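In case you want the letters, here they are:
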Amino acid sequence: AGKRELEEKMAPVPSEDETLAQMRKEQLLAVAIAEPASKALVNAFMSMLSDGLESVDPASVEFGEHEQVLGTAKLSGAANGVLSVRLKPELARELTGQALGLNQEDVGPDVIKELIGQVVNIVADTMNSNFASAGLNCKLETGEVTQGKRTPRGGATKGAFEPLAFQYQGHPIWFDIVVGS
């Protein structure tokens, strides 16, 4: 504990210019993720659905501890972040069936993972393009889609946090976007 305290005391204190530059970068990150990510998400889901996607207050969406499909993508570089989407398996199956013109009973887990992964990558690619336009070059890492029991979402501890929530025919769709430098 003594060594850590000594290291913290000896750590350089950022200058006012460095602090302002960091604040500006965080503001750019917040602007780059909020509205464009929301639009990209809506566009991705609207291309799969004829109608019925409704934006809702994130505080009104509760998943609890039940089975969920979770898709994630990561950005690294000038900005680091994680983008995730979660939805109930029955909705993921319905959306996949609608998008591909298949009966729900013909939609297996691999097809669901592929489609949800594409949606996550579309939104992450939009974020990455917005970061590049703001001078923040990042690398988009390959996304991952899993299914299992998840605990209720937790808030971000660092960086800009943007929760987005939607409903489709009463089913919640949750997007978390956490970006920091």
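Refer to the structure above for everything that follows.
Note that the structure is a prediction, hence the values are computed from the model and not measured. Numbering of residues starts from 1 in every chain and runs along the sequence as written. Local features are withheld for residues below a pLDDT of 70 in this predicted model, meaning they are given only at 70 or higher, and side-chain atom pairs are given and counted only at 80 or more; totals for whole chains, interfaces and linings count all residues. With hydrogens and water set aside, each side-chain value is computed from the structure's full complement of heavy atoms.

Draft legend 1. Representation of the nonpolar core within the structure. The set of buried Ala, Val, Leu, Ile, Met, Phe, Trp, Tyr and Cys residues whose side-chain atoms join them within 4.5 Å is what this entry labels a nonpolar core. Classification of residues uses two cut-offs on accessible area relative to the type maximum, computed with a 1.4 Å probe and protein chains only: under 20% is buried, over 50% is exposed, and between them is partly exposed. Counting residues in each nonpolar core, the largest one holds 29 residues, and the members touching the most others are Leu-83, Ile-116 and Phe-131. Looking at this core, the elements with two or more residues in it are strand E2 (67-77), strand E3 (80-87), helix H3 (89-100), helix H4 (109-133), strand E4 (138-149), strand E5 (160-168) and strand E6 (171-180). Starting at the N terminus, helices and strands are each numbered in turn, a helix being any DSSP run of H or I of at least four residues and a strand any DSSP run of E of at least two. Ranked by the residues each element gives to this core, the list is headed by H4, at 7 residues.

Draft legend 2. Structural view of the packing of H3 against H4. Working convention: axes come from line fits to C-alpha atoms, limited for helices to the stretch in contact. Angles between N-to-C directions cover 0 to 180 degrees. Closest axis-to-axis distance for the H3/H4 pair is 9 Å, and the angle between their directions is 80°. Overall, the two elements H3 and H4 adopt an arrangement that is roughly perpendicular. For the pair H3 and H4, the contacting residues are Ala-92, Arg-93, Leu-95, Thr-96, Ala-99 and Leu-100 in the first and Val-111, Ile-112, Leu-115 and Ile-116 in the second. Tallied by class, residues from the contact of H3 with H4 come to 8 nonpolar, 1 polar and 1 charged. For this classification, under 35 degrees means roughly parallel, over 145 means roughly antiparallel, 65 to 115 means roughly perpendicular, and everything else is oblique. Two residues form a contact once any of their heavy atoms are found within 4.5 Å. Residues are grouped as follows: Ala, Val, Leu, Ile, Met, Phe, Trp, Tyr, Cys and Pro are nonpolar; Asp, Glu, Lys and Arg are charged; all remaining types, including Gly, are polar.

Draft legend 3. How the structure looks around unusual backbone geometry. Backbone geometry at Gln-169 places phi at a positive 50°, although glycine is not the residue there. Take Gln-169: it is sitting in the loop between E5 and E6. By relative accessible area, which is 54% here, Gln-169 ends up exposed.

Draft legend 4. Broad picture of H4. Helix span, as expected, comes to 1.5 Å for every residue beyond the first. In this model H4 runs 36 Å from its N-terminal to its C-terminal C-alpha over 25 residues, within 8% of the 36 Å that 1.5 Å per residue would give. Of the residues one or two after H4, Gly-135 is the one with positive phi, at around 85°.

Draft legend 5. Structural context of the pairing of E3. Counting buried positions along E3 gives 6 out of 8 residues, so the element sits mostly inside the fold. Any two strands between which DSSP finds at least two bridges are classified as paired. Where E2 meets E3, 7 bridges bridge the pair, whose relative direction is antiparallel. Looking across to E3, one finds that Val-69 is bridged to Leu-87. Linking two consecutive strands that pair antiparallel, namely E2 and E3, is a turn of 2 residues. Relative to E6, E3 is paired through 8 bridges, and the arrangement is antiparallel.

Draft legend 6. Region of interest: the environment of Leu-140. Counting through the fold element by element, Leu-140 comes out in strand E4. If sequence neighbours within four positions are ignored, Leu-140 has contacts with Ala-73, Lys-74, Leu-75, Asn-121, Ala-124, Asp-125 and Asn-128.

Draft legend 7. Expanded view of the side chain of Asp-176. Within the secondary structure layout, Asp-176 lies in strand E6. When its relative accessible area of 7% is taken as the criterion, Asp-176 is described as buried. Whenever a nitrogen or oxygen atom comes within 3.5 Å of another N or O atom, the pair is scored as a polar contact, on the condition that within protein one atom can donate a hydrogen and the other can accept it, and that pairs from neighbouring residues in sequence are kept only if both atoms are in side chains. For Asp-176, the side chain forms a polar contact with the side chain of Trp-174, separated by 2.4 Å.

Draft legend 8. Broad picture of H3. In a regular helix each residue adds 1.5 Å, so 12 residues correspond to 16 Å; H3 covers 16 Å between its end C-alpha atoms and thus fits that length. Of all the residues in H3, the buried ones are Pro-89, Leu-91, Ala-92, Glu-94, Leu-95, Thr-96 and Gly-97. Gly-101 occupies a position one or two residues after H3 and carries a positive phi of about 70°.

Draft legend 9. View of a nonpolar patch on the surface. On the surface, a nonpolar cluster with roughly 220 Å² of combined accessible area is contributed by Leu-100, Leu-102 and Val-111. With respect to the helices, strands and loops of the structure, Leu-102 is situated in the loop between H3 and H4. The exposure class of Leu-102 is partly exposed, given its relative accessible area of 37%. Patch criteria: residues need more than 30% relative accessible area and no salt bridge. Like-charged residues are merged within 9 Å; nonpolar side chains of Val, Leu, Ile, Met, Phe, Trp and Tyr are merged within 5 Å. Working definition of accessibility: Shrake-Rupley area with a 1.4 Å probe, residue cover restricted to the visible protein chains. Salt-bridge detection follows one rule: a side-chain nitrogen of Lys or Arg within 4 Å of a carboxyl oxygen of Asp or Glu.

Draft legend 10. Fine view of the side chain of Glu-94. With respect to the element layout, Glu-94 can be found in helix H3. For the purpose of counting charges, residues Lys and Arg are taken to be positive, whereas Asp and Glu are taken to be negative. His and the chain ends are not included. Notably, Glu-94 is buried but unbridged: the nearest opposite-charge side chain belongs to Arg-93, and the N-O separation is 9.6 Å. If we ignore the near neighbours within four places in the chain, the residues touching Glu-94 are Gln-104, Tyr-168 and Gln-169.

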